[in-house]
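# Inside the fold
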Amino acid sequence: MADILHKVGIKSSSLNAAYEALTTREGLSAWWTSNTQGESKVGGVFQFRFGAGGFDMKVLELHPARRVLWQVVDGPAEWIGTKISWDLRQEGDWTIILFKHQGWKEPVEFMHHCSTKWGVFLLSLKSLLETGKGAPWPNDIKLDSWEQYR
């Protein structure tokens, strides 16, 4: 199994603000994709769409201002069954987010692409929380021909 791991610090943000950006439709659509639907409750499913493709995430855990855990239930074959976690902590004036997209069966080329795109979107989240403006799809940085999300 292979995992994607990222750490991002958000200056002068609160744990609650970061948690809201990761758990509400409004928050998620402000930094990841403007086409976000679903409910933020354990057992609920979020639908994230990027043009013709996208992902459905089942909410497995919600620990306010501390942790969010999803499992991919629909989307590209490489994603189905993987889990995405967000662990939050405060360090002085910084909110720290430890991101993990775990359980990839193998590190295929699509995983390389997704790792970089997660970095792009984590920087969008950082921007949203520091400046009030993120860069969600379709206004994100485009990397390559895989931007159609198969």
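Coordinates for the structure precede this section.
Let me begin by describing the structure that accompanies this report. (Residues numbered from 1 in each chain as written. Predicted model: local features only at pLDDT ≥ 70, side-chain atom pairs only at ≥ 80, totals over all residues. Heavy atoms only, no water.)

### Considerations on helix H3 (residues 109-131)
The end-to-end C-alpha separation of H3 is 33 Å, in line with the 33 Å expected for 23 residues at 1.5 Å each. Just past H3, the residue Gly132 takes up positive phi, approximately 90 degrees. (Helix = DSSP H or I, 4+ residues; strand = E, 2+ residues; numbered from the N terminus. Expected span 1.5 Å × (residues − 1).)

### Some details on the nonpolar core
Counting residues in each nonpolar core, the largest one holds 37 residues, and the members touching the most others are Trp31, Trp32, Met57, Trp70, Trp79, Ile84 and Trp86. When contributions to this core are tallied by element, the ones reaching two or more residues are strand E1 (2-11), helix H1 (15-23), strand E3 (45-50), strand E4 (53-63), strand E5 (67-74), strand E6 (83-91), strand E7 (94-104) and H3. Looking at which element gives the most residues to this core, the answer is H3, with nine residues. (Core = buried A, V, L, I, M, F, W, Y, C linked by side-chain atoms within 4.5 Å. Buried < 20%, exposed > 50% of the residue type's maximum accessible area, 1.4 Å probe, protein only.)

### Looking at the environment of Ser12
Structurally, the position occupied by Ser12 is in the loop between E1 and H1. Taking the C-alpha atoms as reference points, Ser12 and Gly92, separated by 80 residues in sequence, lie 8.7 Å from one another.

### Topic: the pattern of salt bridges
One pass over the structure, following the stated rule, counts nine salt bridges. Among the salt bridges present, the one from Arg89 reaches Glu91, with a minimum N-O distance of 2.7 Å. Accessibility expressed as a relative area gives 33% for Arg89, which makes it partly exposed. Across the pair Lys126 and Glu130 runs a salt bridge whose closest N-O atoms are separated by 2.8 Å. With Lys126 and Glu130 both in helix H3 and four residues apart, this pair spans about one turn of that helix. Residue Glu130 is classed as partly exposed on the basis of its relative accessible area of 35%. (Salt bridge = Lys/Arg side-chain N within 4 Å of Asp/Glu carboxyl O.)

### Here's the deal with the sheet that holds E5
Reading across the sheet, the seven strands line up as E1-E7-E6-E5-E4-E3-E2 and stay open at both edges, with antiparallel pairing between neighbours. With one partner strand each, in any of the chains shown, E1 and strand E2 (35-38) form the two edges of the open sheet. Pairwise comparison of adjacent strand axes, ignoring direction, gives a mean angle of 20 degrees for this sheet. One ladder, built from five bridges, connects E5 with E6; its direction is antiparallel. Paired with Arg67 across the strands is Asp87, a residue of E6. Across the face of the sheet, H1 comes into contact with E3, E4, E5, E6 and E7 while running at roughly 165 degrees to E6. Against the sheet, H3 contacts E1, E3, E6 and E7, and its axis sits at roughly 15 degrees relative to E1. (Pairing = 2+ DSSP bridges. Axes fitted to C-alpha atoms, helices over the stretch in contact; angles between N-to-C directions. Contact = heavy atoms within 4.5 Å.)

### Examining the side chain of Ser85
Tracing the backbone through its elements, the reader meets Ser85 in strand E6. Exposure remark for Ser85: the relative accessible area of 3% places this residue in the buried category. Contact partners of Ser85, with chain neighbours within four places excluded, come to Arg67, Val68, Leu69, Leu98, Phe99 and Lys100.

### Brief notes about unusual backbone geometry
Look at the link from Trp137 to Pro138: it is a cis peptide, with omega at 10 degrees. Looking at the element boundaries, Pro138 is found in the segment after H3. In this structure, Ala65 is a non-glycine residue whose phi angle is positive, near 60 degrees. Mapped onto the elements of the fold, Ala65 is located in the loop between E4 and E5. For Ala65, a relative accessible area of 18% puts it in the buried group.

### Overview of the environment of Gln37
With respect to the helices and strands, Gln37 occurs in strand E2. In this structure, the C-alpha to C-alpha distance between Gln37 and Gln90, residues 53 residues apart in sequence, is 29 Å. In this view, Gln37 contacts Arg25, Val45, Phe46 and Gln47; residues no more than four positions away in its chain are not counted.

Note that all results are geometric; they support no functional claim without further evidence.
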